[in-house]
Amino acid sequence: MTAQTLLLTPWMVPHQVISWQTAVTLSFLGKVEVLETYDDEIRSPTMTIRAPAVVRLKRHGNSHKRGIKFSRTNVFVRDDFRCQYCGVQKDAGELTYDHVLPRVQGGRTVWENIVASCQSCNAKKRGRTPEQAGMKLLKKPEKPRWLPAAPVVRLGARRIPEIWVHYCPAS
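Cut-off values and rules
- Residue numbers restart at each chain and count upward from 1, following the sequence in its written direction.
- Given that this is a predicted model, residues contribute local features only at a pLDDT of at least 70 and side-chain atom pairs are listed and counted only at 80 or more, while totals for whole chains, interfaces and linings are drawn from all residues.
- Side-chain measures were taken over the full set of non-hydrogen atoms in the model, leaving aside hydrogen atoms and water.
- Numbering of helices and strands runs from the N terminus, with a helix taken as a DSSP run of H or I at least four residues long and a strand as a DSSP run of E at least two residues long.
- Throughout, a contact is declared for two residues whenever any of their heavy atoms are within 4.5 Å.
- Think of it in three bands: with a 1.4 Å probe and only protein chains considered, a residue is buried below 20% of the maximum accessible area for its type, exposed above 50%, and partly exposed in between.
- Strands are treated as partners if at least two bridges between them are detected by DSSP.
- Side-chain atoms alone can form a polar contact between residues adjacent in sequence; in general such a contact is a pair of N or O atoms within 3.5 Å, and within protein one must be able to donate a hydrogen while the other accepts it.
- In summary, the pairing rule links any two rings of Phe, Tyr or Trp, Trp by its six-membered ring, whose centres are within 6.5 Å, and it sorts them by plane angle into stacked for under 30 degrees, edge-to-face for over 60 and tilted for everything else.
- We call a set of buried residues a nonpolar core when its members are Ala, Val, Leu, Ile, Met, Phe, Trp, Tyr or Cys and they connect through side-chain atoms within 4.5 Å of each other.
- To define axes, lines are fitted to C-alpha atoms, for helices over the stretch in contact only, and angles between the resulting N-to-C directions are given on a 0 to 180 degree scale.
- Throughout this description, the term salt bridge denotes a Lys or Arg side-chain nitrogen within 4 Å of a carboxyl oxygen of Asp or Glu.

Section: the overall build of the protein chain
Within the protein chain one finds 5 helices and 6 strands. Secondary structure elements of the protein chain occur, N-terminal to C-terminal, as β-β-α-β-β-α-α-β-β-α-α. Long-range pairs, those at least 24 residues apart, make up 59% of the contacts in the protein chain with a sequence separation of at least 6.

Set out below in structure tokens:
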């Protein structure tokens, strides 16, 4: 079974797509509430349960104290899955991230130096700054204080399971 589980925040907003194994573990630890299940059964010698399709976190983590984790996906969410050079919106699989000040010129991989970029703009810019390449940024990159929920389809799930539909906003 390769089923994935939609993880919702305590406020019923899509947060992440996780494996069914992780969802089962979180359920047994009492960290999530199972809202929907698939027809597939998970069997052990002592019990049988249905595979979780949608789960909701019971408590919100202290992400405000830790700040927003730097990751490729979070950069795409911050930039609304939009190339910061040409402005075209794409799915995560069609984007890459770009160092505004290239690494070859001393640029670091930090919030303030990374933007979402489509493949063609990234290839056009190469190892140059936007000014050197004759390109303009839509907005200056900065570390976000919060991030909106990412549409599941933009994260790469081309066809979301029917059971998720009423939990996912249209993208």
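Some remarks on the pairing of strand β6 (residues 114–118)
Among the 5 residues that make up β6, 5 are buried, leaving the element largely enclosed by the rest of the structure. Burial of β6 is two-sided: the residues I114, A116 and C118 facing one way and the residues V115 and S117 facing the other way are all buried. Taken together, the 5 bridges between strand β5 (residues 95–99) and β6 define a ladder with antiparallel strand orientation. Paired with L95 across the bridge in β6 is C118.

Notes on the side chain of K125
Inspection of the secondary structure assignment puts K125 in helix α4 (residues 119–125). A polar contact is formed between the side chain of K125 and the side chain of D98, at a distance of 3.1 Å. If near-sequence neighbours (up to four positions away) are discounted, K125 is found in contact with Y85, D98, H99, V100, P102, P130, A133 and M135.

A look at the packing of aromatic side chains
Describing an aromatic ring pair means giving the distance of the ring centres and the angle of the ring planes. Summed over all chains, the structure comprises 3 aromatic pairs. Ring geometry for F70 versus Y97: centroids 6.3 Å apart, planes at 70°, classification edge-to-face. In this pair, F70 sits in the loop between α2 (63–66) and α3 (72–78) while Y97 sits in strand β5, placing the two residues 27 residues apart along the sequence. Look at F76 and F81: their rings are 6.3 Å apart centre to centre, the planes differ by 50°, and that puts the pair in the tilted class. Counting every residue linked through ring pairs, the aromatic cluster contains F70, Y97 and W111.

Quick look at the nonpolar core
One broad trend across soluble globular proteins is that nonpolar side chains are buried collectively. L6, Y38, V54 and W164 are the most contacted members of the largest nonpolar core, which totals 13 residues. At the level of elements, β1 (4–8), α1 (20–28), β3 (32–43) and β4 (48–57) are the ones that each hand at least two residues to this core. By residue number, the principal contributor to this core is β4, which donates 3 residues. Core analysis: the second largest hydrophobic core is formed by 8 residues, Y85, V115, C121 and A133 among them.

Quick look at the sheet that holds β1
Backbone hydrogen bonds hold the strands of a sheet together, and the pairing may be parallel or antiparallel. If you trace the 4 strands from one edge of the open sheet to the other, you get β2-β1-β4-β3, paired in mixed fashion. Each of the sheet's edge strands pairs with one partner strand only, and the pair in question is β2 (14–19) and β3. Taken over all neighbouring pairs, the strand axes of this sheet differ in orientation by 30° on average, direction set aside. Each of β1, β2, β3 and β4 is contacted by α1, which is oriented at about 105° to β2, the strand it contacts most.

Let's talk about the pattern of salt bridges
The full count for this structure, using the stated rule, is 6 salt bridges. When the shortest N-O distance is used, the salt bridge between E33 and R56 registers 2.7 Å. One end of the pair, E33, is in strand β3; the other, R56, is in strand β4, and 23 residues separate them in sequence. By relative accessible area, R56 is classed as buried at 18%. Close ionic contact of K125 with D98 constitutes a salt bridge, the shortest N to O distance being 3.1 Å.

Side note on the environment of A51
Relative to the helices and strands, A51 is located in strand β4. Since its relative accessible area comes to 0%, A51 is described here as buried. As for A51 and D40, which are separated by 11 residues in sequence, their C-alpha atoms are 5.7 Å apart.

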